[in-house]
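Observations on the model geometry
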Amino acid sequence: MQWTKQVKLPAALNQQTVRTCLKTWLLPKRIQGQLRQGRRIWVNDCPASVATIVHTNDRLTLQFLPTDFRTPVSSYQPDVAGAVPILYQNADLLVINKPAGLKAHPNQPGEQGSVLNHLAADLQATGQAPYMVHRLDQMTSGAMLVALNPIVVPILDRLISTKQIHRTYYAWVRGHFDHPTGQFTDPIGHDLTDQRKRWINTPDAQRALTNYQVIQTTQQQTLVKLDLQTGRTHQLRVHLAANGHPIIGDPLYDTTYQMAPRLLLHAWQLQLTLPFTTTAVTVTAPLPASFDDLTQLDHF
């Protein structure tokens, strides 16, 4: 098993070394070293080194082996195809519109019914397979990024960790805000009384930042737009609940949780620069119908 990546050099990398290209594309140093040591680099079909100078429109070819990656093989069991809407797809990745109630990935070997199981079925005919990059909570809907080969997984991980992938959410929450915009800065860690939960200012709390903007209000509720600046577990749910505005329908953090149809949290938009390119894409997952039924919100 091997994977080949061929890149046409953009003008921005004219007269740069192959090493600079690999660094610019955020390939981990460990993988760069394995490509160099294995002599798995070609420029215009000629063997090349990381010191080779490349020019605009040169064809750089990289060959990857399973030993280059921590998880080279995607082993999710295929489930029903066509169950997950695909919003965007290219050769390296796709963005799906995850339905609320569907798990992002299986938790046990052989388990089915998750997003990645359904995508494994969708991709069978193409010879590709899904690789986990980031997850959404089971009851959260919206835009979720999935890799289609192990090459781009560490690149996308790096883009996420360096905040170069921007994620925007919408949520209906309880109560009204004093200011139309603001930021939550409470550090988040493990809840001391419930292992399923997170909370603010705990002994192991880590830095967490969330920007909010009020979009709409009803008599008792508010629709807010949320921008993640960090990526802590349950960050949005905890920040909102700890500041007096739990998300409607949140079974963990909404103490007045009753008959809401679902957790009213939706990953609305995802922005990123595609791996091995300078092309920026913005993918939007339209708000679900449950977000528009204003006549029902104040009953939950």
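One can find the structure itself at the top, above this paragraph.
Since we're looking at a predicted model, the values are computed, not measured. (Residues numbered from 1 in each chain as written. Predicted model: local features only at pLDDT ≥ 70, side-chain atom pairs only at ≥ 80, totals over all residues. Heavy atoms only, no water.)

Moving on to the overall build of the protein. Scanning the protein from terminus to terminus reveals six helices and 18 strands. Expressed along its principal axes, the backbone C-alpha trace of the protein runs to roughly 70 × 40 × 35 Å. Looking at the protein as a whole, 49% of its 300 residues qualify as buried. Intrachain contacts of the protein at a sequence separation of at least 6 include 66% that bridge at least 24 residues. Entry remark: accessible area of the protein is about 14500 Å², with carbon and sulfur atoms responsible for 48%. (Helix = DSSP H or I, 4+ residues; strand = E, 2+ residues; numbered from the N terminus. Buried < 20%, exposed > 50% of the residue type's maximum accessible area, 1.4 Å probe, protein only. Contact = heavy atoms within 4.5 Å. Areas by Shrake-Rupley, 256 points an atom, 1.4 Å probe, with all protein chains shown as cover.)

Per the counting criterion, the structure on display carries nine salt bridges. Taking the shortest distance from any N to any O, the salt bridge between Asp-68 and Arg-40 comes out at 2.8 Å. Here Asp-68, found in the loop between strand S6 (59–64) and strand S7 (86–89), pairs with Arg-40, found in the loop between helix H2 (29–37) and strand S3 (41–43); they are 28 residues apart in sequence, far enough to count as distant. An identical accessibility class is assigned to Asp-68 and Arg-40; each is buried. Among the ionic pairs, Arg-196 bridges to Asp-194, the shortest N-O distance being 2.8 Å. For Asp-194, a relative accessible area of 17% puts it in the buried group. Residues joined in a network through salt bridges with shared partners are Arg-135, Asp-137, Arg-237 and Asp-250. (Salt bridge = Lys/Arg side-chain N within 4 Å of Asp/Glu carboxyl O.)

With that settled, consider the packing of aromatic side chains. Applying the stated criterion across every chain yields a total of seven aromatic pairs. Between Trp-3 and Phe-69, the aromatic rings sit 5.7 Å apart at their centres with planes inclined by 80°, giving edge-to-face as the arrangement. Linking Trp-3 in strand S1 (residues 3–8) with Phe-69 in the loop between S6 and S7, this pair joins segments that are 66 residues apart in sequence. For Trp-3, a relative accessible area of 15% translates into the label buried. In this structure Phe-69 comes out as buried when scored by relative accessible area, which is 8%. When the ring of Tyr-170 is compared with that of Trp-268, the centres are 5.2 Å apart and the planes differ by 80°; the resulting orientation is edge-to-face. With Tyr-170 in strand S11 (residues 166–174) and Trp-268 in strand S17 (residues 265–273), this residue pair connects regions lying 98 residues apart in the sequence. (Phe/Tyr/Trp six-rings, centres within 6.5 Å; stacked < 30°, edge-to-face > 60°.)

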